[in-house]
Amino acid sequence: MYEYYSPTKILFGDGCLSEAAPRLKDMGATRALLVTGTSSTATSEGFRKLCADLDVAGIRWTHFAEVRADPETSTVDRGAARYLAEGCDSIIGFGGGSPIDCAKGIAASVAEGRSIRDFVGTGLAFTASVPPLVAIPTTAGTGTEVTNAAVFTVVDESGHRSKKGTSSQFYFPCLALVDPLLHASMPPALTAATGMDALTHAIEAYVSRFHTPISDMCCLESIRLIGRSLRTACRPNASGSEPTVEASAASAASGDACAARRDMALAATLAGVALSQAGLGMVHGFAHPVGATTGLAHGLANAILLPFVMEALIPDAGERLSDIGVALTSGALTSSTPTEGALANTSRISPAEAVRAIARLGHDIGIPVNLSAASVPEGAFEAILADALSYRRRKASPRAFTDAELRELLSKMYHGEICTSA
Ligand SMILES: [Fe+2]
């Protein structure tokens, strides 16, 4: 028996941002809280268009632009206070994973009538339905626009920072607008890191002990799309200038880049659907404390750690790792989805080769080979390990790592290197 629950309505395609305001109006919204980061997204062309569309639709809006990477629970509290003070009745998360997660936290807080802090790491369950929540991702990575999860940073009395995941059936946005044109302005390094986050979601969900046939389909297609398009999506544009929405939409020469961005946008969303069903594993178990203690971007941390964890899983998940290798290198398949039949017709790839293929992809898009190369200090080792040992999704890992094995694995992540040659 297995369950599939993914209630978010997805609108996907170039220009679908235009649907945000009319759809919100259909939901009865009259005043929206717009939740964004503090920097470029909030002044982007896409955001200005969203605001103008809301004006035309007669929906008043309030802009909460205080979200930094890995939002602290105190930021969510301020957003919830703003929502209540302004009399809002709906929420739009616009940006990368952090603003959308913050929007989820605000929605849950105002519905529950208490701070999000009460729910993070405490086991307290969410019980209240949230106001209309619309997610508009401007990166192709977290997939949070379709997930039941949100990650927040908790700062305790001693100043210790830890990233804690929370999940709730009420976190599923009612509408996700996935518009690849909004991803056109992502610089290559951000495309690389967020794309590898999506790949990590697909791979961890695929090898998860809680995978299902439905999550498997999403994972394999996500991996195939990423194998086909992440390298292309990471190429700087030929002119060297900042890519714009108009330029990418209008230029025939940018056709490959546009197609690659569409692939990556869909891959991230599919991986989000999968992770909500199947969970994640120890790549995220380590990436969260690496990010919390050192500030390393989430996608970059995952990208560095992924091949090390995959290598450690070879004895327990060899067949599944082989599937991943096939999907990653099967982008030329003409079928729209690498079904089991398509996989069976493709030459098998050994689990070790699959790990090397992932490491090669990381190498090609500029991912550092290990944590030391990413300047993660040795002094953070014990704090990272302590947090990883208590990772709440540890049980989803196909290998029941002992504490000693995780210590050894973290050592390799610091100083080891996965071979990339075939
Ligand atoms: Fe992630």
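Since we're looking at a predicted model, the values are computed, not measured.

What counts, and at which threshold
All residue numbers here refer to positions counted from 1 along the written sequence of the relevant chain. With pLDDT at 70 or above as the cut-off, local features in this predicted model cover only qualifying residues; side-chain atom pairs require 80 or more to be listed or tallied, and sums for whole chains, interfaces and linings still use all residues. Calculated side-chain values reflect all of the structure's heavy atoms, with hydrogen atoms and water omitted. Whenever Lys or Arg places a side-chain nitrogen within 4 Å of a carboxyl oxygen from Asp or Glu, that contact is recorded as a salt bridge. Donor selection uses N, O and S atoms within 2.8 Å of the metal (3.2 Å for Na, K and Ca). Since no water is included, sites may look incomplete. Square planar and octahedral sites, with four and six donors, are those where opposite donors lie more than 155 degrees apart and all other angles lie between 65 and 115, tetrahedral sites have four donors with every angle between 85 and 135 degrees, and the rest are irregular. Secondary structure counts use DSSP, requiring at least four H or I residues in a row for a helix and at least two E residues in a row for a strand, with both numbered from the N terminus. What fixes the domain bounds is an automatic or database domain assignment. Throughout, a contact is declared for two residues whenever any of their heavy atoms are within 4.5 Å. Each of two parts loses accessible area, computed with a 1.4 Å probe, when they are put together; buried area is these two losses added. For the purposes of these results, a polar contact is taken to be a pair of N or O atoms within 3.5 Å, where, inside protein, one atom must be able to donate a hydrogen and its partner to accept one; residues adjacent in sequence count only when each atom of the pair is a side-chain atom. In short, DSSP must find at least two bridges between two strands for them to pair. Note on geometry: axes are C-alpha line fits, over the in-contact stretch for helices, and angles between N-to-C directions span 0 to 180 degrees. In plain words, nonpolar cores are sets of buried Ala, Val, Leu, Ile, Met, Phe, Trp, Tyr and Cys residues tied together by side-chain atoms within 4.5 Å. Think of it in three bands: with a 1.4 Å probe and only protein chains considered, a residue is buried below 20% of the maximum accessible area for its type, exposed above 50%, and partly exposed in between. Roughly parallel covers angles under 35 degrees, roughly antiparallel covers those over 145, roughly perpendicular covers 65 to 115, and oblique covers all other angles. Less than a right angle of anticlockwise turn of the near helix away from the far helix marks a crossing as left-handed, whereas a clockwise turn marks it as right-handed. Polar here means any residue other than Ala, Val, Leu, Ile, Met, Phe, Trp, Tyr, Cys and Pro, which are nonpolar, and Asp, Glu, Lys and Arg, which are charged; Gly is therefore polar.

Colleague: Got a sec to walk through the pattern of salt bridges? Specific residues and values, please.
Modeller: Side chains carrying opposite charge are able to pair once their charged atoms draw close together. Enumeration according to the criterion identifies 19 salt bridges in this entry. Between Asp118 and Arg114 there is a salt bridge; the shortest N-O distance is 3.1 Å. In the salt-bridge network here, residues are joined through shared partners; they are Arg31, Arg82 and Glu86.

Colleague: Account for the coordination of the iron ion, naming residues and giving values.
Modeller: Here the iron ion is held by Asp197 (OD), His201 (NE2), His284 (NE2) and His298 (NE2), and the distances to it run 2.1 to 2.2 Å. The coordination sphere of the iron ion comprises four donor atoms, whose angles at the metal cover 83 to 170°; the geometry is irregular. Here the donor residues for the iron ion map to a single chain with the spacing D-x3-H-x82-H-x13-H. Remark: His298 occurs in helix H10 (residues 298-328) and Asp197 occurs in helix H5 (residues 188-207); sequence separation between them is 101 residues.

Colleague: Any details on the domain arrangement of the protein? Residues and values, ideally.
Modeller: If you check the domain split of the protein, you get domain 1 (9-181) and domain 2 (188-415). For domain 1 versus domain 2, the distance between C-alpha centres works out to 25 Å. Each partner contributes residues to the interface: domain 1 has 26 residues there, and domain 2 has 28 residues. Interface area for domain 1 against domain 2, summed over the two sides, is near 2,300 Å², with a carbon-plus-sulfur share of 57%. A per-residue breakdown of the area domain 1 buries against domain 2 is headed by Ala140, Lys163 and Leu181, which together make up 25% of the total. The tally of links between domain 1 and domain 2 comes to one salt bridge. For Asp14, the salt bridge is made with Arg262, and the minimal N-O distance between the two is 2.7 Å.

Colleague: So what's going on with the side chain of Lys163? Residues and values would help.
Modeller: For Lys163, the location among the structural elements is in strand S7 (residues 161-167). A polar contact is formed between the side chain of Lys163 and the side chain of Asp70, at a distance of 3.1 Å.

Colleague: Outline the sheet that holds strand S8 (residues 175-178), supporting the account with residue identities and numerical values.
Modeller: The sheet built from six strands is open, its strands ordered S1-S8-S5-S4-S2-S3 with parallel pairing. What marks the edges here is a single partner per strand, and that holds for strand S1 (9-12) and strand S3 (60-67). Averaged over all adjacent pairs, the angle separating strand axes in this sheet is 20°, with direction ignored. In this structure, strand S2 (residues 31-37) lies alongside S3, joined through six bridges in parallel fashion. Bridge assignment links Arg31 to a residue of S3, and that residue is Arg60. Where helix H3 (residues 73-85) meets the sheet, it contacts S2, S3 and strand S4 (90-95), and its direction lies at approximately 165° from that of S3.

Colleague: So, the nonpolar core: which residues are in play, and what are the values?
Modeller: Judged by nonpolar contacts, the single largest core of 77 residues is most densely connected at Met196, Leu199, Phe286, Leu371, Leu410 and Met413. Element by element, the count of residues in this core is highest for H10, at 14 residues. Those residues in contact with Leu410, other than ones at most four positions away along the chain, are Phe286, Leu371, Phe381, Ile384 and Leu385. Counting residues in each nonpolar core, the second largest holds 25 residues, with Val35, Val76, Cys102 and Phe152 among its members.

Colleague: Can you lay out the packing of helix H6 (residues 213-233) against helix H12 (residues 351-364) for me, pointing to particular residues and giving the numbers?
Modeller: Here H6 crosses H12 at 20°, and the two axes come no closer than 10 Å. The angle between H6 and H12 places the two elements in the roughly parallel class. Relative to H12, the crossing made by H6 is left-handed. Contacts from Ile226, Leu230 and Arg231 of H6 reach H12 at Arg360, Leu361 and Asp364.

Colleague: Residue-level account of the side chain of Arg320, with values.
Modeller: The residue Arg320 is located in helix H10 in this model. Side-chain polar atoms of Arg320 contact the side chain of Asp216, separated by 3.0 Å. In this view, Arg320 contacts Tyr206, Val207, His211 and Asp216; residues no more than four positions away in its chain are not counted.

Colleague: Which residues make up the packing of H5 against H6, and what values go with them?
Modeller: The interhelical angle for the contact between H5 and H6, taken along N-to-C directions, is 155°, at an axis separation of 9 Å. What the angle tells us is that H5 and H6 run roughly antiparallel. At the point where H5 passes H6, the crossing takes the left-handed sense. For the pair H5 and H6, the contacting residues are Thr191, Gly195, Met196, Ala198, Leu199, Ala202, Ile203, Ala205 and Tyr206 in the first and Asp216, Cys219, Leu220, Ser222, Ile223, Ile226, Leu230 and Ala233 in the second. For the contact of H5 with H6, the class distribution of residues is 13 nonpolar, three polar and one charged.

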